[in-house]
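# Examination of the molecular architecture
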Amino acid sequence: MPDRYDLPAGFRWGVATAAYQIEGAVDEDGRGPSIWDTFTARPGTVRDGHTGAVACDHYHRYPEDIELMRGLGLDGYRFSIAWPRIRPTGAGPANPAGLAFYDRLVDDLLAVGITPLPTLFHWDLPQALEDRGGWLNRDTAYHFAEYAAIVADRLGDRVPAWITLNEPFVHMVYGHALGIHAPGHALMLDALPVAHHQLLAHGLAASLLHERGLDVLISNNLTPVEPASPSPADLAAAEAYDTLHNRLFTDPLLLGRYPDLTAFGTGPDLHGAVRPGDLDLITATPLTGLGVNYYNPTRIAAPTDPSLPFTFAEIPDVPHTAFGWPVVPDGLTHLLLHLRDTYGKALPPLTITENGCSTTEGPDDTFRISYLSTHLDALATAAAEGVDVRGYYTWSLIDNFEWAEGYHQRFGLVHVDFVTQARTPRASYAWYRDLIAAHRVRCATGGSVTSGDR
Ligand code: IFM
């Protein structure tokens with residue numbers, strides 16, 4: 001069986017974070033409010049009333065965090081840019097201090113040989129745009145493209161590749177259908193236009209990035225969907241869920257059309273959101289790569305309630321993370337092979353832009369090491385079967401603000417004490433560092449890795 005040391009030469013190793021989850025400094029240097037500032041201020045939205053106001057104080061401590069990354073020997077760092085730092089009201093003039101922060105971050109990363117991989121939108125929409133309808137308003141897509149161009153004009157001389165959006169599925173469902181995330185709308189299926197407006201934003205921004213000679217990716221949280229049984233009702237339900245979670249985003253991006261959404265009560269115009277020519281805009285710029293965020297598969301059974309065409313089922317006999325998410329490394333192999341078989345030549349090279357787990361472990365986080373190593377072995381299996389996979393970014397470098405869970409779910413290779421802000425590398429940090437080094441030796445020598453390296 002192939003394992004993680006068999007990943008291809010040139011494979012890029014990284015870690016991932018996001019602005020609202022680590023930066024803090026929400027009122028500094030002209031940053032405008034985001035929907036997460038508003039949402040977390042509302043009682044009852046986030047566990048124990050936690051907010052991202054301070055988070056990991058990365059805005060001030062980023063040199064220390066870059067030093068941690070240097071110690072890992074990373075090729076790349078995936079972070080997100082806070083739109084409200086760049087355009088405090090979502091539109092209008094750029095904020096020089098906001099741009100200057102990312103300028104410093106990029107320069108300091110490059111100085112230690114780490115390639116920055118920014119994400120332009122990781123859920124922190126400027127509140128001023130939410131006040132005008134947010135992602136339910138088509139205009140937000142055009143404001144996003146303007147913001148993308150501003151940032152690319154400032155950093156594009158040093159940053160070769162850009163991720164437009166992070167997990168548009170999660171932002172639509174958690175933020176707009178269920179109300180668990182900001183902005184807190186519980187619109188159920190009336191949230192579908194949010195999918196289209198985000199994809200339109202991607203397409204408009206992608207063209208502007210491409211015009212500037214930059215590479216473009218988009219990251220989504222994808223899940224392999226398994227039916228709870230081979231019964232026709234469970235199979236149909238699984239297909240419906242796959243459509244909503246995965247194909248609603250990958251079909252328009254890669255095939256230029258929406259999947260059949262009749263099970264969700266709409267035609268291909270997503271409740272009137274899709275206008276003539278929009279799909280051409282979404283596909284105008286071929287993706288340099290598709291970012292896959294993988295955490296777990298989803299098991300689906302026939303609906304028990306008529307409002308949705310599926311229901312969730314438990315995956316039996318598997319361990320679970322502290323978050324309660326099932327641990328199924330093979331699911332990553334199945335997901336990637338399924339993508340290849342479904343999209344064929346339309347599928348661009350893949351990068352795993354997130355994968356990791358929350359645990360309650362102390363410094364010796366053996367559960368996390370097992371999670372990461374088995375998922376990387378599963379990735380190597382997919383690569384050995386011909387899937388073109390170019391890199392892997394662990395979620396996450398440091399413990400951080402885990403959205404509705406506040407600081408309760410810890411995903412970091414590095415422990416953060418949220419009182420003192422002390423960073424303490426866990427065992428997984430040394431494990432990841434050694435893996436990266438051993439893989440490089442293996443690629444450089446073309447030989448095998450010794451058992452000591454493993
Ligand atoms: O913390 C999140 C991240 O912001 C998006 N992907 C999943 C992670 C873990 O829940």
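This is a predicted model, so every value here is computed, not measured.

## Structural notes on unusual backbone geometry
That bond from Ala182 to Pro183 is cis: its omega, 5°, falls within 30 degrees of zero. Considering the arrangement of structural elements, one finds Pro183 in the loop between helix H8 (168-177) and helix H9 (192-211). Omega for the peptide link from Trp395 to Ser396 comes to 20°, which places this bond in the cis form. You can see Ser396 is positioned in the loop between strand E11 (389-395) and strand E12 (414-416).

## Quick word on the sheet that holds strand E7 (residues 289-293)
Spatially, E1-E2-E3-E4-E5-E7-E10-E11 is the arrangement adopted by the eight strands of the closed barrel, whose pairing is parallel. Here the strands of the sheet are splayed against their neighbours by 25° on average, with no regard to which way each runs. Where strand E10 (residues 350-354) meets E11, three bridges bridge the pair, whose relative direction is parallel. Directly across from Leu350, in E11, lies its bridge partner Val389. With respect to the sheet, helix H12 (residues 330-343) is in contact with E7 and E10, its orientation differing from that of E10 by roughly 140°.

## Considering the pattern of salt bridges
Inspection of the entire model under this criterion finds 25 salt bridges. Asp365 is the salt-bridge partner of Arg368, the closest N and O atoms lying 2.8 Å from each other. Taken together, the salt bridges that share partners define one network made up of Asp103, Asp107, Arg154, Asp157 and Arg158.

## Here's the deal with the sheet that holds strand E6 (residues 225-227)
Pairing within the open sheet is mixed, and its three strands lie in the order E6-E8-E9. In this open sheet, the two strands that pair with only one neighbour each are E6 and strand E9 (311-313). Across the sheet, the mean angle separating the axes of adjacent strands is 45° when strand polarity is ignored. In this structure, E6 lies alongside strand E8 (residues 298-301), joined through three bridges in parallel fashion. By the bridge assignment for E8, Pro227 is matched with Ile300. Relative to E6, helix H10 (residues 232-255) is tilted by about 170°, and along the sheet it contacts E6, E8 and E9.

## Things to note about the confidence of the model for the protein chain
Per-residue confidence for the protein chain averages 97 on the pLDDT scale, and 98% of its residues sit at or above 70. Here residues 450-454 scores under 50 on pLDDT; set against residues more than four positions off or in separate chains, the count is seven contacts.

## Thoughts on H8
The element H8 is extensively covered by neighbouring structure, given that nine of its 10 residues are classed as buried. Listed as buried for H8 are Pro168, Phe169, Val170, His171, Met172, Val173, Gly175, His176 and Ala177. On the buried face of H8, the contacting elements are helix H2 (35-41), strand E3 (115-121), strand E4 (161-166), H9, strand E5 (215-221) and H10.

## Here's the deal with a nonpolar patch on the surface
Nonpolar side chains collect at one region of the surface, where Tyr174, Leu178, Ile180 and Met188 lie side by side and expose about 330 Å² of accessible area between them. Note that Leu178 resides in the loop between H8 and H9. When its relative accessible area of 39% is taken as the criterion, Leu178 is described as partly exposed.

## Comments concerning the layout of surface pockets
The calculated volume of the largest pocket comes to roughly 1,100 Å³. Considering the residues around the largest pocket, the lining is formed by 46 residues, among which Phe169, Tyr174, Tyr241, His245 and Trp325 are closest to the centre. Mapped by element, the contributors of at least two residues to the lining of the largest pocket are H8, H10, E8 and E9. With six residues, H8 is the largest single contributor of residues to the lining of the largest pocket. Classifying every residue of the lining of the largest pocket by side-chain character gives 30 nonpolar, 10 polar and six charged. For the second largest pocket, the calculated volume is near 350 Å³. The wall of the second largest pocket is formed by 17 residues, among which Arg12, Leu117, Ala161, Leu217 and Thr351 lie closest to the centre. Those elements giving two or more residues to the lining of the second largest pocket turn out to be E3, E5 and E11.

## Considerations on the side chain of His181
Mapped onto the elements, His181 comes out in the loop between H8 and H9. Look past the residues within four positions of His181 in its chain and what remains in contact with it is Trp36, Phe39, Trp123, Val170, Tyr174, Gly175, Trp403 and Ala404.

## Brief notes about helix H5 (residues 96-111)
In this model, H5 (16 residues) spans 22 Å end to end at C-alpha, consistent with the 22 Å of a helix rising 1.5 Å per residue. Every buried residue of H5 is listed here: Gly98, Leu99, Phe101, Tyr102, Asp103, Leu105, Val106 and Leu109. The secondary structure elements touched by the buried residues of H5 are helix H1 (19-22), helix H3 (58-72), strand E2 (76-80), helix H4 (83-86), E3 and helix H7 (139-155). Just beyond H5, the residue with positive phi is Gly113, at close to 80°.

## Re the pairing of E10
One face of the sheet, then the other: side chains in a regular strand alternate in exactly this way. With respect to burial, E10 is a largely interior element, five of its five residues being buried. Here E7 pairs with E10 via four bridges, running parallel. Opposite Val292, over in E10, you have Ile352 as the bridge partner. Of the crossover connections in this fold, the one passing from E10 over helix H13 (residues 366-384) to the parallel E11 is right-handed.

Conventions and cut-offs
- Sequence order as written defines the numbering, with residues in each chain counted from 1.
- Totals for whole chains, interfaces and linings use every residue, but because this is a predicted model, local features are given only for residues with pLDDT of at least 70 and side-chain atom pairs only at 80 or more, for both listing and counting.
- Only heavy atoms go into the side-chain values, all of them from the structure, while hydrogens and water stay out.
- Helix and strand labels come from DSSP, where a helix needs a run of H or I of at least four residues and a strand needs a run of E of at least two; each type is numbered from the N terminus.
- Criterion used throughout: strands pair if DSSP finds at least two bridges between them.
- The angle between two axes is taken between their N-to-C directions and runs from 0 to 180 degrees, where each axis is a line fitted to C-alpha atoms and a helix contributes only its stretch in contact.
- Between two residues, a contact is recorded if the distance between any of their heavy atoms is within 4.5 Å.
- Salt bridge, as used here: a side-chain nitrogen of Lys or Arg that lies within 4 Å of a carboxyl oxygen of Asp or Glu.
- pLDDT is a per-residue confidence score from the predictor, ranging from 0 to 100.
- Remark: exposure states derive from per-residue accessible area (1.4 Å probe, protein chains only) relative to the maximum for the residue type, with buried under 20%, exposed over 50%, and partly exposed in between.
- Patch membership is restricted to residues that have no salt bridge and whose relative accessible area is over 30%. Joining uses 9 Å for like charges and 5 Å for the nonpolar side chains Val, Leu, Ile, Met, Phe, Trp and Tyr.
- To be clear on the numbers: accessible area is Shrake-Rupley with a 1.4 Å probe, and residue cover counts the displayed protein chains and nothing else.
- In the cavity and pocket records, a cavity denotes points on a 1 Å grid over the protein atoms alone where a 1.4 Å probe fits but cannot get out, a pocket denotes an open set with protein on both sides within 12 Å along at least 5 of 7 lines, and lining residues are residues with an atom within 4 Å of a point.
- Grid points are joined across faces, edges and corners, and a volume is the space filled by probe spheres set on the points.
- When residue character is reported, Ala, Val, Leu, Ile, Met, Phe, Trp, Tyr, Cys and Pro are called nonpolar, Asp, Glu, Lys and Arg charged, and the others, Gly included, polar.
- Expected span of a helix: the number of residues minus one, times 1.5 Å.
- Every crossover in which the path from the first strand over the helix to the second runs clockwise, viewed with the strands pointing away from the viewer, is termed right-handed.

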